[in-house]
Amino acid sequence: SLGDVSRYAKSFTDMAEVDSYLSLNVSSSLCLTASVLQAFPQRPGLRRTVINISSLCALQPFRSWVLYCTGKAAREMMFRVLAEEEPDLRVLNYSPG
């Protein structure tokens, strides 16, 4: 989710608010991906692919988009790590637009 893009980084003092955003946009993605990979383990003849919908915001900062940029950057790295850990898994980080 985009979250509140009307606020600057210095206004985020409530850790529960930040944790809630990151839980929804990062932690849930990791847990869902791990669960799917466990449900469909590598087998001969099976080609597995996971796709992360990324954004320019994973690479470039935008004023007042601190949570969104942080979440996208974290997910981008999470899927890059997954690609290193699972060489038989095709991992795509797709940034539309």
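Below or above, wherever it landed, is the structure these notes cover. (Residues numbered from 1 in each chain as written. Predicted model: local features only at pLDDT ≥ 70, side-chain atom pairs only at ≥ 80, totals over all residues. Heavy atoms only, no water.)

## Remarks on the pattern of salt bridges
This is how the line gets drawn: A pair is scored as a salt bridge if a Lys or Arg side-chain nitrogen falls within 4 Å of a carboxyl oxygen belonging to Asp or Glu. Elements are defined by DSSP. Helices are runs of H or I of four residues or more, strands are runs of E of two residues or more, and each kind is numbered from the N terminus. Classification of residues uses two cut-offs on accessible area relative to the type maximum, computed with a 1.4 Å probe and protein chains only: under 20% is buried, over 50% is exposed, and between them is partly exposed.
Here the structure, examined in full by the defined rule, presents 2 salt bridges. Here Glu17 and Arg7 are joined by a salt bridge, their closest N and O atoms 2.6 Å apart. Of the two residues, Glu17 sits in helix α1 (residues 15-39) while Arg7 sits in the segment before α1, which places them 10 residues apart along the sequence. With relative accessibility at 29%, the residue Glu17 sits in the partly exposed group. Look at Arg7 and you get partly exposed, because its relative accessible area is 21%. Arg48 is paired through a salt bridge with Glu86; the nearest N and O atoms lie 3.7 Å apart. Taken together, the residues span a long stretch of sequence, with Arg48 in strand β1 (residues 48-53) and Glu86 in the loop between α2 (66-85) and β2 (89-94) at a distance of 38 residues.

## A word on a nonpolar patch on the surface
Formally: Within the patch definition used here, like charges are joined within 9 Å and nonpolar side chains (Val, Leu, Ile, Met, Phe, Trp, Tyr) within 5 Å, considering only residues with over 30% relative accessible area and no salt bridge. Note on areas: Shrake-Rupley, 1.4 Å probe, and residue coverage restricted to the protein chains presented here.
A contiguous nonpolar surface patch, about 390 Å² in accessible area, is contributed by Ile51, Ile53, Leu92 and Tyr94. At the level of secondary structure, the elements contributing two or more residues to the nonpolar patch comprise β1 and β2. Note on placement: Ile51 falls in strand β1. For Ile51, a relative accessible area of 53% puts it in the exposed group.

## Focus on the environment of Asp88
For clarity, the cut-off: Here a residue-residue contact requires only that any non-hydrogen atoms of the pair lie within 4.5 Å.
Take Asp88: it is sitting in the loop between α2 and β2. Overall, the relative accessible area of 48% leaves Asp88 in the partly exposed class. It is 9.6 Å that separates the C-alpha atoms of Asp88 and Leu46, two residues lying 42 residues apart in sequence. Apart from the residues within four sequence positions on either side, Asp88 is in contact with Gln42, Arg47 and Arg48.

## Here's the deal with the side chain of Thr33
Relative to the elements of secondary structure, Thr33 occurs in helix α1. The exposure class of Thr33 is buried, given its relative accessible area of 14%. For Thr33, the contacting residues outside a window of four places in its chain are Val50, Phe79 and Leu82.

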